[in-house]
Amino acid sequence: MTDTANEIALISDSLELYAERHGDMAPRVYERFFELNLEAAALMEYSDEYMRGRMFASMLELFLSDEHLDPGGYLDWELENHIKAYSATTAMYESLFQSMRDVLGNDLGADWRPEWQEAWANRIDLIMVQVNTFK
């Protein structure tokens, strides 16, 4: 198994355990996201549960597949659309990704494994390279 495939498997395992124990993590992730980034909270003030759910599902796809990271792929479209059209910032993306990892680690507590932490950190770093180089 490649490093990327292994990281994706570890991320998937952490999400599955969270879902088994706690159900839908999206509301907790957004709560944490808005704590970390007040500017994002203001920007998303009028977003509804449906829109947040779609955004959350898209974010999961970034963590569970490399398909969306190709040049001209979904992530590039996402950045083009949200940074230019909605004034999202790269810091908002970083806060959003951090909020997901924070919720998993905090809510899973003693069951949060070091290899999950490392897989999440590596994946966030990989995605943030693309986010930070967006023009």
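Residues numbered from 1 in each chain as written. Predicted model: local features only at pLDDT ≥ 70, side-chain atom pairs only at ≥ 80, totals over all residues. Heavy atoms only, no water.

Peer 1: What is the right way to read the layout of surface pockets from this model?
Peer 2: Using a probe with the size of a water molecule, rolled over the atoms, empty space left in the structure can be pinpointed. Quantified by volume, the largest pocket comes out at close to 570 Å³. What lines the largest pocket is a set of 21 residues, and nearest its centre among them are Met51, Met55, Glu78, His82 and Tyr86. At the level of elements, helix 3 (38–43), helix 4 (49–64), helix 5 (74–86) and helix 6 (90–108) are the ones that each hand at least two residues to the lining of the largest pocket. A class-by-class count of the residues in the lining of the largest pocket yields 16 nonpolar, three polar and two charged. (1 Å grid on protein atoms, 1.4 Å probe; cavity = no way out; pocket = protein on both sides within 12 Å on 5 of 7 lines; lining within 4 Å. Points joined across faces, edges and corners; volume = space filled by probe spheres on them. Helix = DSSP H or I, 4+ residues; strand = E, 2+ residues; numbered from the N terminus. Nonpolar A, V, L, I, M, F, W, Y, C, P; charged D, E, K, R; others polar.)

Peer 1: It is not clear to me how the pattern of salt bridges should be interpreted in this structure. Could you clarify?
Peer 2: A pair can form between side chains of opposite charge whenever their charged atoms are brought close. Summed over the entire model, instances satisfying the criterion amount to seven salt bridges. Glu35 is the partner of Arg32 in a salt bridge, and the nearest nitrogen-oxygen pair spans 3.2 Å. With Arg32 and Glu35 both in helix 2 (residues 26–36), this residue pair falls three residues apart, about one helical turn. Classification of Arg32 by relative accessible area gives partly exposed; the value is 25%. By relative accessible area, which is 48% here, Glu35 ends up partly exposed. A salt bridge links Lys84 to Glu80, with the shortest nitrogen-to-oxygen separation between them at 3.3 Å. Highlighted residues: Lys84 and Glu80, both in helix 5, separated by four residues, approximately one helical turn. Linked through salt bridges whose partners overlap, the residues forming this network are Arg32, Glu35 and Asp102. (Salt bridge = Lys/Arg side-chain N within 4 Å of Asp/Glu carboxyl O. Buried < 20%, exposed > 50% of the residue type's maximum accessible area, 1.4 Å probe, protein only.)

Peer 1: What exactly am I supposed to notice about the nonpolar core here?
Peer 2: Taken as a class, soluble globular proteins show a tendency for nonpolar side chains to be buried jointly. Counting residues in each nonpolar core, the largest one holds 38 residues, and the members touching the most others are Met25, Phe63, Phe97, Met100 and Leu104. Counting only elements with at least two residues in this core, the list comes to helix 1 (3–22), helix 2, helix 4, helix 5, helix 6 and helix 7 (114–132). For this core, the element with the most residues is helix 6, which contributes eight residues. Among all residues touching Met25, those that are not within four sequence positions of it are Leu15, Tyr18, Phe56, Met100, Val103 and Leu104. (Core = buried A, V, L, I, M, F, W, Y, C linked by side-chain atoms within 4.5 Å. Contact = heavy atoms within 4.5 Å.)

Peer 1: Looking at this model, I keep getting lost on the environment of Gly53. Mind explaining?
Peer 2: Among the structural elements, Gly53 can be located in helix 4. For Gly53 and Asn6, which are 47 residues apart along the polypeptide, the C-alpha to C-alpha distance reads 26 Å.

Peer 1: Honestly, helix 6 in this entry has me stumped. Any pointers?
Peer 2: Spacing of three or four residues puts side chains on the same side of an α-helix, whose turn is 3.6 residues. Across its 19 residues, helix 6 extends 27 Å between first and last C-alpha, which sits within 8% of the 27 Å expected from 1.5 Å per residue. Note on helix 6: the residue one or two positions beyond its end, Gly109, has a positive phi of about 55 degrees. (Expected span 1.5 Å × (residues − 1).)

Peer 1: What am I meant to see in helix 4 here?
Peer 2: Across its 16 residues, helix 4 extends 22 Å between first and last C-alpha, which sits within 8% of the 22 Å expected from 1.5 Å per residue. Along helix 4, the residues classified as buried are Phe56, Ser58, Met59, Leu62 and Phe63. The buried residues of helix 4 occupy an angular sector of 160 degrees when projected down its axis, which confines them to one face. Exposed side of helix 4, more than 90 degrees from the buried face: Tyr50 and Arg54 are the residues found there. Where the residues of helix 4 are buried, they touch helix 1, helix 2, helix 5, helix 6 and helix 7. (Arc of directions from axis to C-beta.)

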